Amino acid sequence: MLIFTNRELKVEAGNASALTKVFQPFHETLNSVDVLAAANGWRVSQHGVGLSDEAVLAKIEAVMDGDKPVLVYLHGNNTTPAKCFLRARQLEAQYDVSVIAYSWTSEGFLPNGEDQGGMDPTRMDTDDDEDALTNVKTRDDLRQGWIARKARRYGQAKKNAQESKDSLARFLRLVAAARLRKQSRKVSFVAHSLGCHFLQHTINEQDAEASLSAMHNVILSAACTAAAKHTAWLSQIHPLLKVYITYTRADAVLFAASVVDSELKLGTAWGDEYLTGPKYRYIDFENAKKMSLHAHRYFVAEDDKKLSKEAKELFRRIFTSLPDFQPPGESARVVYPVGCRVDGSICYMGNAAPGSGNYL
């Protein structure tokens, strides 16, 4: 797997610790590593530090020269480098794609890698995953020391994303440039959870909007960004095929984030307005088959959790730069068990909204 990052690298490290928590805010820095699964974790090699545009293009084009569709992956909150590697590997294994991932300092430490001041040290952080945020159920929970620390780190992660937008915009420009050079290659982009907040704050940076137009599909999965006014920035994205927005109220991580931020998140509901037209599709996962109670990463099967055959087929198609279905010859129910609204704006993996005017 090819991983790009704005994290400082420890070039002497051959495992996930090579990617540090340190980054330079508002810099276009792009570093990279190659990653392979190893018996004791991950083998990290080919450390690229302060890469030029030409060097980045060469690495991306080498992946595109392979025989698989390319999926560009942007992770969410509290995702360590090792967790990023794991998600990328799961995507490769489950969907037969080549993943190029971008790792950013979402663990919620300061740009110098240190923790925020005044943190409660009474409980060690044993969960290095974004699911830890689900312990926030009400605003009162934020008074508890270790939960407050999780919430504060989540807030810092949001700030780190906003201060990394120059690097992400450059990365997107170079992915787009490589795809345009390799015009026959299929390339799609997926942002998960807080990665969608990151994307939102990057969209107006240099050529980010145009760069996403070079992708086949753009997928916002379980978006941890405000539902309110999301149409303003999402309407700037015009990929070759379609923008997909997945959501479900069953997402406990996004419920917790909504409590912390006092706002409805796009990954739980689209709110008061939504986009229509051939470039946009919302996918409702409410009551979908095999969804866990705390579903948040329902684009991959993890451990003993399996995807339904419909969900697996849906993600296989859109992650490999294909349409989700092709009317009129193919029914929407091939991948959407309940079908879609007549205008195709919203499709349902589980129960459809009453009076939504679905076709089957």
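Refer to the preceding data block for the structure.
Conventions we followed
Residue indices begin from 1 for each chain and proceed along its sequence in written order. Totals for whole chains, interfaces and linings use all residues, but because this is a predicted model, local features are given only for residues with pLDDT of at least 70 and pairs of side-chain atoms are given and counted only at 80 or more. For the side-chain quantities, the full set of heavy atoms in the structure was used; hydrogens and water were omitted. Working definition: helices are DSSP H or I runs of at least four residues, strands are E runs of at least two. Numbering for both runs from the N terminus. Whether a residue is buried, partly exposed or exposed follows from its accessible area with a 1.4 Å probe, protein chains only, as a fraction of its type maximum: under 20%, in between, or over 50%, in that order. Here a residue-residue contact requires only that any non-hydrogen atoms of the pair lie within 4.5 Å. For the accessible areas, the method is Shrake-Rupley and the probe is 1.4 Å, while residue cover comes only from the protein chains on display. By definition here, a salt bridge exists when the distance from a side-chain nitrogen of Lys or Arg to a carboxyl oxygen of Asp or Glu is within 4 Å. By nonpolar core is meant a set of buried Ala, Val, Leu, Ile, Met, Phe, Trp, Tyr and Cys residues that side-chain atoms within 4.5 Å join together. To obtain each axis, a line is fitted to C-alpha atoms, and for helices this fit is confined to the stretch in contact; angles are then taken between N-to-C directions over 0 to 180 degrees. The labels follow the angle: roughly parallel below 35 degrees, roughly antiparallel above 145, roughly perpendicular from 65 to 115, and oblique for the rest. Left-handed describes a crossing whose near helix is turned anticlockwise from the far helix through less than a right angle; right-handed describes the clockwise counterpart. Residues are sorted three ways: Asp, Glu, Lys and Arg are charged, Ala, Val, Leu, Ile, Met, Phe, Trp, Tyr, Cys and Pro are nonpolar, and all the rest, Gly among them, are polar. Cysteine sulfur atoms that pair up within 2.5 Å are treated as a disulfide. By this rule the span expected of a helix is its residue count minus one, scaled by 1.5 Å. Following DSSP output, two strands are said to pair if at least two bridges run between them. Orient the strands so they point away from the viewer, and a crossover whose first-strand-to-second-strand path over the helix runs clockwise is right-handed. The directions considered for the arc are those from the helix axis to the C-beta atoms. Counted as positive: Lys and Arg. Counted as negative: Asp and Glu, with His and the chain ends omitted from the count. Polar contacts here mean pairs of N or O atoms no more than 3.5 Å apart (in protein, one a potential hydrogen donor and the other a potential acceptor; neighbouring residues in sequence count only if both atoms are side-chain atoms).

Below, the discussion takes up the overall build of the protein. The number of helices and strands found in the protein is 9 helices and 14 strands. By the burial criterion, 57% of the 360 residues in the protein qualify as buried. Taking as baseline every contact in the protein between residues at least 6 positions apart, the subset at least 24 positions apart corresponds to 75%. Per element, the accessible surface of the protein, about 14,600 Å² overall, is 50% carbon and sulfur.

Moving on, we get to the pattern of salt bridges. Scanning the model with the defined rule gives 17 salt bridges in all. Glutamate 107 is the partner of arginine 7 in a salt bridge, and the nearest nitrogen-oxygen pair spans 3.1 Å. In this pair, arginine 7 sits in strand β2 (residues 7-9) while glutamate 107 sits in the loop between β7 (98-103) and α3 (145-162), placing the two residues 100 residues apart along the sequence. Residue class for arginine 7 comes out buried when judged on its relative accessible area of 0%. The exposure class of glutamate 107 is buried, given its relative accessible area of 8%. Of the charged contacts in the structure, one is a salt bridge between glutamate 263 and lysine 265, with a shortest N-O distance of 2.6 Å. Several salt bridges converge on common partners, so that one network encompasses Lys158, Asp261, Glu263 and Lys265.

Right, let's talk about the nonpolar core for a bit. Within the largest apolar cluster, 105 residues are counted, with the highest numbers of intra-cluster contacts made by Phe4, Phe171, Phe189, Leu220, Phe319 and Tyr336. No other element matches helix α4 (residues 165-181), which puts 6 residues into this core.

A word on the packing of helix α1 (residues 53-64) against α4. Following both chains from N to C, one finds α1 and α4 inclined at 55°, their axes separated by 9 Å at the closest point. Taken together, α1 and α4 sit at an angle that is classed as oblique. Along this stretch, α1 crosses α4, giving a crossing that reads as right-handed. Each of Asp53, Val56, Leu57, Ile60, Glu61 and Met64 in α1 lies in contact with α4, whose residues at this interface are Arg170, Leu174, Val175, Ala177, Ala178, Arg179 and Arg181. Residue composition of the contact of α1 with α4, by class: 8 nonpolar, no polar and 5 charged.

Tallied over the entire structure, the rule returns 1 disulfide. Cysteine cysteine 224 is unpaired, with the sulfur of cysteine 196 as its nearest cysteine sulfur at 8.5 Å. Accessibility expressed as a relative area gives 3% for cysteine 224, which makes it buried.

The periodicity of an α-helix, 3.6 residues per turn, causes residues three or four positions apart to be oriented the same way. Between its first and last C-alpha atoms helix α2 (residues 81-95) spans 21 Å; for 15 residues at 1.5 Å apiece the expected length is 21 Å, and the two agree. Pro81, Cys84, Phe85, Arg87, Ala88, Gln90, Leu91, Glu92 and Tyr95 are the residues of α2 that are buried. Phi turns positive one or two residues past the end of α2, at aspartate 96, with a value near 55°.

Let's shift gears to the pairing of strand β10 (residues 242-247). Along β10, 6 of the 6 residues are buried, which leaves the element largely enclosed by surrounding structure. Side-chain alternation along β10 places Lys242, Tyr244 and Thr246 on one buried face and Val243, Ile245 and Tyr247 on a second face that is also buried. As defined by bridge partners, strand β9 (residues 217-221) adjoins β10 across 5 bridges and the pair is classed as parallel. Residue pairing across strands places isoleucine 219 opposite tyrosine 244, the latter belonging to β10. Pairing of β10 with strand β11 (residues 280-284) involves 5 bridges; the strand directions are parallel. Bridging across to β11, tyrosine 244 finds its partner in arginine 281. As for the winding sense of the linkage, the β-α-β connection from β10 through helix α8 (residues 252-261) to β11 is right-handed.

Attention now goes to α1. With 12 residues, α1 ought to run about 16 Å at 1.5 Å a step, and its terminal C-alpha atoms sit 16 Å apart, in line with that. For α1, the set of buried residues is Val56, Leu57, Ile60, Glu61, Val63 and Met64. For α1, the arc enclosing every buried residue in end-on projection is 150°, short of the 170-degree limit, so these residues lie on one face. Summarising the geometry of α1, the exposed residues directed more than 90 degrees from the buried face are Glu54 and Ala62. Contacts from the buried residues of α1 go to β1 (2-5), β6 (70-74), β7, α4 and β8 (187-192).

Our focus in this paragraph is the environment of valine 253. On the secondary structure map, valine 253 appears in helix α8. The spatial distance from the C-alpha of valine 253 to the C-alpha of glycine 267 is 9.9 Å, given a sequence separation of 14 residues.

Turning next to the packing of α2 against helix α9 (residues 309-319). At a minimum axis distance of 10 Å, the contact between α2 and α9 shows a crossing angle of 100°. Relative to α9, α2 is oriented roughly perpendicular. Together, Leu91, Gln94 and Tyr95 of α2 and Lys312, Phe315, Arg316 and Phe319 of α9 make up the contact between the two elements. When its residues are assigned to classes, the contact of α2 with α9 shows 4 nonpolar, 1 polar and 2 charged.

Let us look at the side chain of aspartate 251. By the secondary structure assignment, aspartate 251 is in the loop between β10 and α8. Among buried charged residues, aspartate 251 stands out as having no salt bridge; its nearest opposite-charge side chain is arginine 297, 8.5 Å away. A distance of 3.1 Å separates a polar side-chain atom of aspartate 251 from the backbone nitrogen of valine 253. Ignoring any residue separated from it by four or fewer positions in sequence, one finds aspartate 251 in contact with Ala222, Thr268, Ala295, His296 and Tyr298.

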